[in-house]
Every structure is written in C-alpha cells, then in structure tokens.
Amino acid sequence: MVGCGNIAGYVADSFEDAAGARLVGASDVAEANAREFAAEYGVDEWHTDHEAMFAEREPDVAIVATPNGAHADVVVDAARAGVHVLCQKPLEIRVEALDRMVDACDDHDVSFGALMNSRFRADAQAARYAVEEGVLGDVLLANGICPVWRSADYFQGWHGTADLDGGVLFSQAIHLVDRLAWLNDGVERVFADLDTAVHDIEVEDVASVQVRYGNGARGTITASTATRNYPHYDRLDLHGEAGHLVAGSGEVLSFDSDDADELDFENPDDRGGFTIQVEDMAEAVRDGRDPLVTGREARHPCDAVAAMHASSERDEPVVVDEYVAEVRGAVRGGEGSGTR
C-alpha cells in the first residue's frame, strides 16, 4: 500500500474477503501514518519511501492511494520496478500525468488496474444490465447529480488544492462521471460552468456540466461539496425511448419499461467493489490478463473532467478527444507544464 490515509483503510479492509491477496508492505511520506496503518492491518514492514519498499519487499502489486495529484510518480516508479499497479480513483488530475502513467506501464509490461469500485454496486450493475439488454431502448438522456457536504475541516491539508485535489468533479463526482461514461459509450463533448461558491479553496465546489455522450445521448452532470441533506451520495437517471432507470445509494430507485414489467437482474457479487477488484487484480496478475478495469479505460473520466475544467475556463464547449490531443501537443512543444 502506497499512501496510508483514509481511503487506504477501506481498501485494506477488503483484503479480509479477497481470495489470493495479502498486504505485505505499507508506505507513506508521513511516518506516523505508515506505522499506524501497518500496526492496524498486521503488515510486517512499513516505509516512508515507496521505492525502497518495492526493492525490499518485491511485491506483485502496488496499490496507489496517495492524494489525487500524486499518483503519477508512484505509478511510474512501480512500473520501472516491475511492480503491477492498482490505482485509486481518480487516476490523476492532469492529462500529461495520465499519459505518463499509461506509457510507463506499457513500456515496462506491467498490468495497470484502476479502483473504480462504484461500478460494482448493485445499482450500477443493474443499470449496465438494463442498457446491455436494451430494455430502455436507445438512451436519449443521461443525467447525474452528486450534491455532498464537506466542512472546512475536510479542506485542511491537500483537499481543496489545485495541485493535489483537483476539485469536486475529480474528488467526489469522478465515480459518477465514470459510471455515466461506462453506460453511454464515453463522454464526447462537455460545456461546463464551475465555481468556488462557498469554501475558501483553490478549486471548484459547485459544478454544472452539459454533456454529449458517445452513444448520442445528452445530459447534465452536477456536483457540489457545499450542499447539505440530499439523501444520496450520488444519483444517475437514464431515460430511453422505451423506459427509464433511476439509481442511487446502491439501489434502483425507479424503473419502468415498455419491454419489461420488472428489471430481471440479480447482482452476481455483493461483497463490495474494493473486495471484487483486489481479488480480481491478484487473479489477473497470476493469469497474465487485464484486470476488470484497466488504467487505460479509467483515464477516460479523468480526461473528461480535465476537459470540463478547460470548458469552464474558456466558456465554450470542448470535445474531450480534441482537448487531450491539444494538451499532448502543448507538452511536446514545451508549453504544457501547467495545463490540465
């Protein structure tokens, strides 16, 4: 485990039910975090230098759970050490950093997986089933909302910073963006309006985005860390020619279809996304196959959010693939050091 903060504990808890996986080392730049994590989870050794840990422990997989904007260096270091990678969401908050990660894993022939655990919630799996079975017909509208509250205490430290956090779309809503992209053949074009409305932070705490998806559907994505008392962490609505599905908090909240009286779906694995993905990563490494969610796939919602930031700054629609190509061109020209 590289990075022993709050999210690392949730991932570590999943090892109890993840067959074939065992934690063998822990690293954090803060010695107290590494030491306490190792003690709590029965890890033999802790480190403050992840490269030293890779050299000494020779792990099969590095789980990267550092702050959002500090993932790339760890992933590249792991790849160079021949260590496979399972990286916490969001993969990174800058296009050039995403490129570095994917390229390093390809160049050193290591597997690159991404922890997108909300895909494995029962409501997300049911939505995927409904889309694949066609019971909604062609999806025309796909909307998502993620209205949460974060206090001033939450933003003490790296949260709320431009370099390490990235804003509500990266930190809180990335799972929602990922699921909507996963269900609708990707995010094609965005037109965003972002604002820092309440908190004294460097990034947005309110976001409203118009979206055009790869399957032709339109929709909106809204998110905030300055809103209170909504009953769901996030919710998504799919509306098609033949029906609709509303999903949130792990449940299908509403479903109707001209082609089906009820959604004939049962979640095949209810152990939770972290357990499913940790176990799968261990199996993928042993079997020499790709993990359930690859880094190359999971970078797309990050590219989409980066394009949303650019759209808001420019006050114009942005095509995601064109924006990624633009950033790459700027980096090659030596002008991309500060570009998302």
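**Quick notes on the pairing of strand E5 (residues 112-115)**
Side chains of E5 alternate between two faces, with Phe112 and Ala114 and Gly113 and Leu115 buried alike. Two elements, strand E4 (residues 84-88) and E5, share four bridges in a ladder whose sense is parallel. When the bridges of E5 are listed, Leu86 appears paired with Gly113. In this region the chain leaves E4, passes through helix H5 (residues 95-107) and returns to the parallel neighbour E5; the handedness of that crossover is right-handed.

**A closer look at the sheet that holds E4**
Taken in spatial order, the three strands of this open sheet run E3-E4-E5, and their pairing is parallel. Each of the sheet's edge strands pairs with one partner strand only, and the pair in question is strand E3 (61-64) and E5. Each adjacent strand pair in this sheet contributes to an overall mean axis angle of 20°, direction not counted.

**A closer look at the environment of Asp321**
Counting through the fold element by element, Asp321 comes out in helix H11 (residues 320-332). Taking the C-alpha atoms as reference points, Asp321 and His300, 21 residues apart in sequence, are found 9.4 Å from one another.

**Brief notes about the sheet that holds strand E6 (residues 139-147)**
To summarise the sheet geometry, strands pair through backbone hydrogen bonds and adopt either a parallel or an antiparallel arrangement. Read from one edge to the other, the open sheet built from eight strands follows the order E12-E11-E10-E6-E9-E8-E7-E13, with strand pairing classed as mixed. Sheet topology places strand E12 (251-257) and strand E13 (318-319) at the edges, where each strand pairs with a single neighbour. The sheet contacts of helix H6 (residues 122-133) involve E6, strand E10 (235-240), strand E11 (243-248) and E12, and relative to E11 the element is tilted by about 165°.

**Here's the deal with the packing of aromatic side chains**
Under the criterion given, the structure shown has three aromatic pairs. When the ring of Tyr129 is compared with that of Phe265, the centres are 5.4 Å apart and the planes differ by 40°; the resulting orientation is tilted. Taken together, the residues Tyr129 in helix H6 and Phe265 in the loop between E12 and helix H9 (273-287) connect sequence positions 136 residues apart. You can call Tyr129 partly exposed: its relative accessible area is 24%. Note on Phe265: relative accessible area 25%, which makes it partly exposed. Considering the side-chain rings of Tyr154 and Phe155, the 5.0 Å spacing of their centres and the 85° angle between planes classify their relative orientation as edge-to-face. Here Arg228 stacks its cationic end above the ring of Trp149, 3.7 Å away from the centre of that ring.

**Overview of the nonpolar core**
Generally speaking, nonpolar side chains in soluble globular proteins are found buried as a group. Leu91, Phe112, Leu169, Ile221 and Met308 are the most contacted members of the largest nonpolar core, which has 82 residues in total. A total of eight residues in this core trace back to one element, the largest contributor, which is helix H10 (residues 295-314). When sequence neighbours within four positions are dropped, the list of residues in contact with Phe112 reads Val75, Val85, Cys87, Leu91, Met101, Val102, Cys105, Pro291, Val293, Thr294 and Gly295.

**Topic: helix H4 (residues 71-80)**
In terms of residue burial, H4 counts as a mostly covered element, since eight of its ten residues are buried. If you check which residues of H4 are buried, you get His71, Ala72, Val74, Val75, Val76, Asp77, Ala78 and Ala79. Those residues of H4 that are buried lie in contact with helix H3 (50-57), E3, E4, H5 and E5. A positive phi of about 75° marks Gly82, the residue just after H4.

**What to know about unusual backbone geometry**
Peptide bonds are mostly trans, and most non-glycine residues show a negative phi. Cis peptide bonds are those with omega within 30 degrees of zero, and the linkage from Lys89 to Pro90 qualifies with -25°. Along the chain, the position of Pro90 falls in the loop between E4 and H5. Of note, Asp109 is a non-glycine position whose phi angle comes to about 55°, a positive value. For Asp109, the location among the structural elements is in the loop between H5 and E5. On the basis of relative accessible area, Asp109 is assigned to the exposed category, the value being 68%. Of note in the backbone geometry, Asp185 takes a positive phi value of approximately 60° without being a glycine. With respect to the helices, strands and loops of the structure, Asp185 is situated in the loop between helix H8 (174-183) and strand E7 (187-195). The exposure class assigned to Asp185 is exposed, which follows from its relative accessible area of 60%.

**Describing the packing of helix H1 (residues 6-14) against H9**
When two helices pack together, you describe them by how their axes are tilted relative to each other and by the distance separating the axes. Closest axis-to-axis distance for the H1/H9 pair is 8 Å, and the angle between their directions is 65°. Here H9 runs roughly perpendicular to H1, going by the angle between their axes. Judged by the sense of rotation from one axis to the other, the crossing of H1 with H9 is right-handed. Along the contact surface, H1 presents Ile7, Tyr10, Val11 and Ser14, while H9 presents Phe274, Thr275 and Val278. Taken together, the residues that form the contact of H1 with H9 break down as five nonpolar, two polar and no charged.

**Structural notes on the side chain of His199**
In this structure, His199 sits in the loop between E7 and strand E8 (206-213). A residue is classified by how much of its surface remains accessible, and His199, at 11% relative accessible area, is buried. In this view, His199 contacts Trp149, Arg150, Phe155, Asp205, Thr225 and Ala226; residues no more than four positions away in its chain are not counted.

Basis of the calculations
- Residues numbered from 1 in each chain as written.
- Predicted model: local features only at pLDDT ≥ 70, side-chain atom pairs only at ≥ 80, totals over all residues.
- Heavy atoms only, no water.
- Buried < 20%, exposed > 50% of the residue type's maximum accessible area, 1.4 Å probe, protein only.
- Helix = DSSP H or I, 4+ residues; strand = E, 2+ residues; numbered from the N terminus.
- Pairing = 2+ DSSP bridges.
- Right-handed = clockwise from strand over helix to strand, strands pointing away.
- Axes fitted to C-alpha atoms, helices over the stretch in contact; angles between N-to-C directions.
- Contact = heavy atoms within 4.5 Å.
- Phe/Tyr/Trp six-rings, centres within 6.5 Å; stacked < 30°, edge-to-face > 60°.
- Lys NZ or Arg CZ within 6 Å of the ring centre and 35° of its normal.
- Core = buried A, V, L, I, M, F, W, Y, C linked by side-chain atoms within 4.5 Å.
- Parallel < 35°, antiparallel > 145°, perpendicular 65-115°, else oblique.
- Left-handed = near helix turned anticlockwise from the far one by under 90°.
- Nonpolar A, V, L, I, M, F, W, Y, C, P; charged D, E, K, R; others polar.

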